Amino acid sequence: MSEQTADALVLVFTQGVSLKLWDRTGLLGRESLLYEPLASGFGTVVFVTDGDHSDIAIAEKLPFRALVVCNESRLSEHEHHAALPERVAGLLRGSKSAIVKTNQMVGGERAIAIASALRDSGVRTGLIARGGYLHSRFVASQFGPESAEAVEAGASEGELCRAADVVVASTETMIDDLRWRYGLSVERTVVQPNFVADADPGYAEAEREPGEILYAGQLVRRKRVDILIDAMSYLPDVTRNGAFLTVIGDGEERENLQEHARRLGVDVRFEGRIPHLELIERLKCCAIYAQASELEGHPKTVLEAMGAGCAVVVADTPGQREVVEHGVNGLRIAPDPLVFARTFDVLLNDRELCVGLGMSAANGVSARFGLAQTIELERRIHGIALERAGASAQTPPGAVRWGAELLKSPADQQVEAWSRSLSGFARRLAPKDRARFLLGLDDPLYKLQGLAAVEADGGLHPKHRLMRYHDFFTQRIEPGQRVLDLGCGVGALGASIASACGATVVGMDLSEESLEKARRRAAQDDIAGRLTLVHGDITKDRAEGSFDVIVLSNVLEHLADRPGLLARYASWYGPKKFLIRVPAFDREWRVPWKRELGVEWRLDPTHETEHTREQLETELSAAGLRITEFLSNWGEYWLVAAPDAAEQRRAG
């Protein structure tokens, strides 16, 4: 028995994968070859799967003891994944150390959450992000590099890699890709190739079916099995008469491929999935193994075919070119049916060449990808991860992941999914904390809604047309009047006043960016002659001249000394009236309750206040202004105020 590495090994299966699926596809027997010797280095081995209760029964048949955390209660995927950290931590209560490892990088956020939960419970935990293929690249190849699926896959993959103590990939090319993508140091990354259990150069000279060309794997577009079928149709008649293609596997393209073979009239035999050990025996008996995939990680079946002494023919594409050296341990050719046909024709008629390639392949695989080397390297990786145990990881603070398909769902389904998530989180809080959390969401949501509204409505907030508050101002300004729009922002209201009233408008704002947008608007509306824009701080800087009307639209609430500033404006500019718009504090019950709870209650955290009517009347009176008209609309107060004649005389 080997020295114990840690108290527990937690293997987090690929999202959506179960022990039952491993068993059905033959992968369970293959992976057991690795995990049986490793299990002796751990007190407990835990498999975290997305399967049902049948996974527990399957685990009992393994040649080593493994506990299974699966979805035996048939919860929703969200509920099952949310419960995993607490379940695993509870199962390993009393453990001092653990290794958490992903089988692939898909759904790695579950591994991050489990490792965090174990660390929170006092368990020294190393996190290994292992991927046999670069999931984000596969998704980008399938859906496009700018697709929602590719963006989400990259975000999830990056989150896992940055959180991990050790990042493991099966080729140097993959590791290089992960390093530059996610800013990983060389010390945190390890190349661990896929293994071949029992390579033997003697297999090359075994009795083989002389005309059989074999492919095994998924029947999906990426695998390009149609190229192999087309190649069969291009074989010379003398070769074609004794040749046939065996296709082992299943997938969404099976019916299309079968129909394609029927149309061409070629001998293609579809067999579906078979157990892994049976596949190995079939690889020992075929004449050629062929694969035309457009993209692979570190292709296990190609390696196993090489280990079985096959003459291997693959397309010269990423993943396959890393394992097949052309003319040495196989043939790597252009992904063209005619090229495959010519290659098949040569090999099927040259037994000596087939044997030579097969022997070289088996020797090389045994030396580079043997099971013994893999076990030794795996143990070394475990030790590195446990030694670091979170020291160099960049664990995201409670990041949330979602399925890319949610991005394409109808809005009501998206809302329902997020509502379930928020509800599940809120239920875990005490009543007052729950209230603070849920009401506190208003502030970030309001900001996001505002930004989305501007983008969705072509660059201008839809409140301008929906609330029609411009009308309140334009209906109270006469042609020829001089208007000062203080805090004018992007100039939307000032432009309306200049256009609709025939007034001359000066707008002042502190933001040069907003003023530049206002200038573009004035030029576009051909009102630049009636709308002048001035950069300045309205609490300190004075615009030149006098004005008939002062406009303060959603500005007053941002100012600290409101009565003092209003009195100053009246003195500086000698206006006949002020047109003012402010948000109402008493617009709804949630505003004062938020303030009681101590969460953000303002529509904008830069607001110095939000007014009640009484407060507004008091401040205006203190400034020497008299309200002549008062409206309450859209949760806001709109009003007209005039300088008090007596106050003006005293000031004069």
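Coordinates for the structure precede this section.
Owing to the predicted nature of the structure, the values given are computational and were not obtained by experimental measurement.

Participant: I would appreciate a short explanation of the overall build of the chain in the present structure.
Facilitator: Secondary structure summary: the chain contains 27 helices and 20 strands in total. Relative to the globule expectation of 26 Å for 652 residues, the C-alpha radius of gyration of the chain, 36 Å, shows a markedly less compact shape. Expressed along its principal axes, the backbone C-alpha trace of the chain runs to roughly 115 × 60 × 40 Å. Counting across all 652 residues of the chain, residues that qualify as buried make up 51%. When contacts within the chain are restricted to residue pairs at least 6 apart in sequence, long-range pairs at least 24 apart make up 70% of them. Computed over 76 positive and 93 negative side-chain charges, the inter-centroid distance for the chain is 4 Å.

Participant: Quick question: what am I supposed to make of the nonpolar core here?
Facilitator: In globular proteins that are soluble, nonpolar side chains generally tend to be buried together. With 58 residues, the main nonpolar core has Ile229, Leu283, Tyr289, Val312, Phe340 and Phe344 as its most contacted residues. It is helix 9 (residues 225-234) that provides the largest number of residues to this core, a total of six residues. Apart from the residues lying within four places of it in its own chain, the contact partners of Ile229 are Leu245, Leu257, His260, Ala261, Leu264, Val266, Val268 and Phe270.

Participant: Explain empty space enclosed by the protein here, please?
Facilitator: In total, this model carries one cavity of 30 Å³ or more according to the counting rule given. Of the voids in this model, the largest cavity is the one considered here, and its volume is about 30 Å³. Considering the residues around the largest cavity, the lining is formed by Trp22, Leu28, Glu31, Ser32, Tyr35, Phe47, Leu62 and Phe64. Tallying contributions element by element places helix 2 (residues 27-39) first for the lining of the largest cavity, with four residues.

Participant: I'm lost on the sheet that holds strand 2 (residues 42-48) in this one. Help?
Facilitator: The strands making up a sheet associate through backbone hydrogen bonding, with each pair oriented either parallel or antiparallel. The strand order across the open sheet formed by seven strands is 3-2-1-4-5-6-7, and the pairing between neighbours is parallel. Each edge of the open sheet is held by one strand with a lone partner, namely strand 3 (67-69) and strand 7 (189-191). Strand-to-strand twist in this sheet, taken as the mean axis angle between neighbours without regard to direction, amounts to 20 degrees. Note that strand 6 (residues 166-169) and strand 7 share three bridges and pair parallel. Residue pairing in the sheet places Ala169 in a bridge with Val191 of strand 7.

Participant: What is the right way to read helix 19 (residues 442-456) from this model?
Facilitator: Because an α-helix packs 3.6 residues into every turn, residues spaced three or four apart end up facing the same way. Spanning 15 residues, helix 19 covers 20 Å between terminal C-alpha atoms, matching the ideal 21 Å at 1.5 Å per step. When we look at burial in helix 19, the residues that qualify are Asp442, Asp443, Gly450 and Ala453. Summarising the axial view, the buried residues of helix 19 lie within an arc of 100 degrees, below the 170-degree limit, and thus occupy one face. Those residues of helix 19 that are exposed and aimed more than 90 degrees away from the buried face are Leu448, Leu451, Glu455 and Ala456. Contacts from the buried residues of helix 19 go to helix 18 (431-440) and helix 25 (590-597). Gly458 occupies a position one or two residues after helix 19 and carries a positive phi of about 85 degrees.

Participant: Whenever I open this one, the side chain of His607 confuses me. Can you help?
Facilitator: You can see His607 is positioned in the loop between helix 25 and helix 26 (613-622). Look past the residues within four positions of His607 in its chain and what remains in contact with it is Glu557, His558, Pro583 and Arg602.

Participant: Please explain the pairing of strand 1 (residues 6-12) as it appears in this structure.
Facilitator: The side chains of a regular strand alternate between the sheet's two faces. Most of strand 1 is tucked away, with six of its seven residues classed as buried. Here strand 1 pairs with strand 2 via six bridges, running parallel. Bridge pairing links Val10 to Val46 in strand 2. In this structure, strand 1 lies alongside strand 4 (residues 97-102), joined through five bridges in parallel fashion.

Participant: What is the right way to read the pairing of strand 4 from this model?
Facilitator: The element strand 4 is largely enclosed, with a buried count of six among its six residues. Here strand 4 shows two buried faces, one formed by Ser97, Ile99 and Lys101 and the other by Ala98, Val100 and Thr102. Bridge count for strand 4 against strand 5 (residues 124-131) is five bridges, and the pairing is parallel. Among the inter-strand pairings, Ser97 is bridged to a residue of strand 5, identified as Arg124. With helix 5 (residues 109-120) bridging strand 4 and its parallel neighbour strand 5, the resulting β-α-β unit is right-handed.

Participant: Which parts of the structure should I look at to understand the packing of aromatic side chains?
Facilitator: Remark: the centre distance and the inter-plane angle together describe each pair of aromatic rings, the angle taken between the planes. In total, this model carries 16 aromatic pairs according to the counting rule given. Relative to Tyr573, the ring of Phe547 lies with its centre 5.5 Å away and its plane at 75 degrees, an arrangement referred to as edge-to-face. Taken together, the positions of Phe547 in the loop between strand 16 (531-535) and strand 17 (549-553) and Tyr573 in helix 24 (residues 562-573) put the pair 26 residues apart, joining distant regions of the chain. As far as the burial class goes, Phe547 and Tyr573 line up, both buried. Through a chain of ring-to-ring contacts, three or more aromatic side chains come together here, namely Phe13, Trp22, Tyr35, Phe47 and Phe64. The side chain of Arg269 reaches across the aromatic face of Phe244, ending 3.7 Å from its centre. A cation over an aromatic ring shows up here: Arg613 above the ring of Phe630, its NZ or CZ 3.9 Å from the ring centre.

Participant: Can you help me understand helix 17 (residues 411-426) in this one?
Facilitator: For helix 17, spanning 16 residues, the distance from its first C-alpha to its last is 22 Å, which sits close to the expected 22 Å at 1.5 Å a residue. Summarising the contacts, the buried residues of helix 17 are in contact with helix 18.

Participant: What is the right way to look at the side chain of Asp509 in this model?
Facilitator: Tracing the chain through its elements places Asp509 in strand 15 (residues 504-509). For Asp509, which is buried and forms no salt bridge, the nearest opposite charge comes from Arg519, at a distance of 9.9 Å. A polar contact is formed between the side chain of Asp509 and the backbone nitrogen of Ser511, at a distance of 2.9 Å. When sequence neighbours within four positions are dropped, the list of residues in contact with Asp509 reads Gly487, Cys488, Gly489, Ser514, Leu515, Val534, His535 and Gly536.

Thresholds, definitions, all that
Residue numbers run consecutively from 1 along every chain, following the written order of its sequence. Totals for whole chains, interfaces and linings use all residues, but because this is a predicted model, local features are given only for residues with pLDDT of at least 70 and pairs of side-chain atoms are given and counted only at 80 or more. Calculation of side-chain values draws on the structure's entire complement of heavy atoms; hydrogens and water are dropped beforehand. A run of H or I in DSSP counts as a helix once it spans at least four residues, and a run of E counts as a strand once it spans at least two, with each numbered from the N terminus. Our radius of gyration looks at C-alpha atoms and nothing else; its globule reference is 2.2 Å times the residue count to the power 0.38. Here's how the labels work: a residue is buried when its accessible area is under 20% of the maximum for its type, exposed when over 50%, partly exposed in between, all with a 1.4 Å probe on protein chains only. Contacts are residue-level and defined by heavy atoms, with any inter-residue pair within 4.5 Å sufficient. For the purpose of charge, His is not counted, nor are the chain termini; Lys and Arg are scored as positive and Asp and Glu as negative. Lysine's charge is taken at NZ, arginine's at CZ, aspartate's at CG and glutamate's at CD. Residues enter a nonpolar core if they are buried and are Ala, Val, Leu, Ile, Met, Phe, Trp, Tyr or Cys, with the set joined through side-chain atoms within 4.5 Å. Both site types are read off a 1 Å grid over the protein atoms alone. A 1.4 Å probe that fits but cannot get out defines a cavity, while an open set with protein on both sides within 12 Å along at least five of seven lines defines a pocket; lining residues have an atom within 4 Å of a point. Grid points are joined across faces, edges and corners, and a volume is the space filled by probe spheres set on the points. Strands are treated as partners if at least two bridges between them are detected by DSSP. Structural elements are reduced to axes, namely lines fitted to C-alpha atoms, with helices fitted over the stretch in contact, and the angle between N-to-C directions of any two is expressed from 0 to 180 degrees. In this scheme, a helix's expected span is set at 1.5 Å multiplied by one less than its residue total. Each direction from the helix axis to a C-beta atom contributes to the arc, which is the arc of those directions. Assignment of crossover handedness uses the view with strands pointing away from the viewer, where a clockwise path from the first strand over the helix to the second indicates a right-handed crossover. Aromatic rings from Phe, Tyr and Trp, taking only the six-membered ring of Trp, are treated as a pair when their centres fall within 6.5 Å; an angle between ring planes under 30 degrees marks them as stacked, one over 60 as edge-to-face, and anything in between as tilted. Two conditions define a charge located above a ring, namely a distance within 6 Å from the ring centre to NZ of Lys or CZ of Arg, and an angle within 35 degrees of the ring normal. We define a salt bridge as a contact between a side-chain nitrogen of Lys or Arg and a carboxyl oxygen of Asp or Glu at a distance within 4 Å. Throughout this description, a polar contact denotes any pair of N or O atoms lying within 3.5 Å of each other; where both atoms belong to protein, one of them has to be capable of donating a hydrogen while the other can accept it, and for residues adjacent in sequence the pair is counted only when both atoms sit in side chains.

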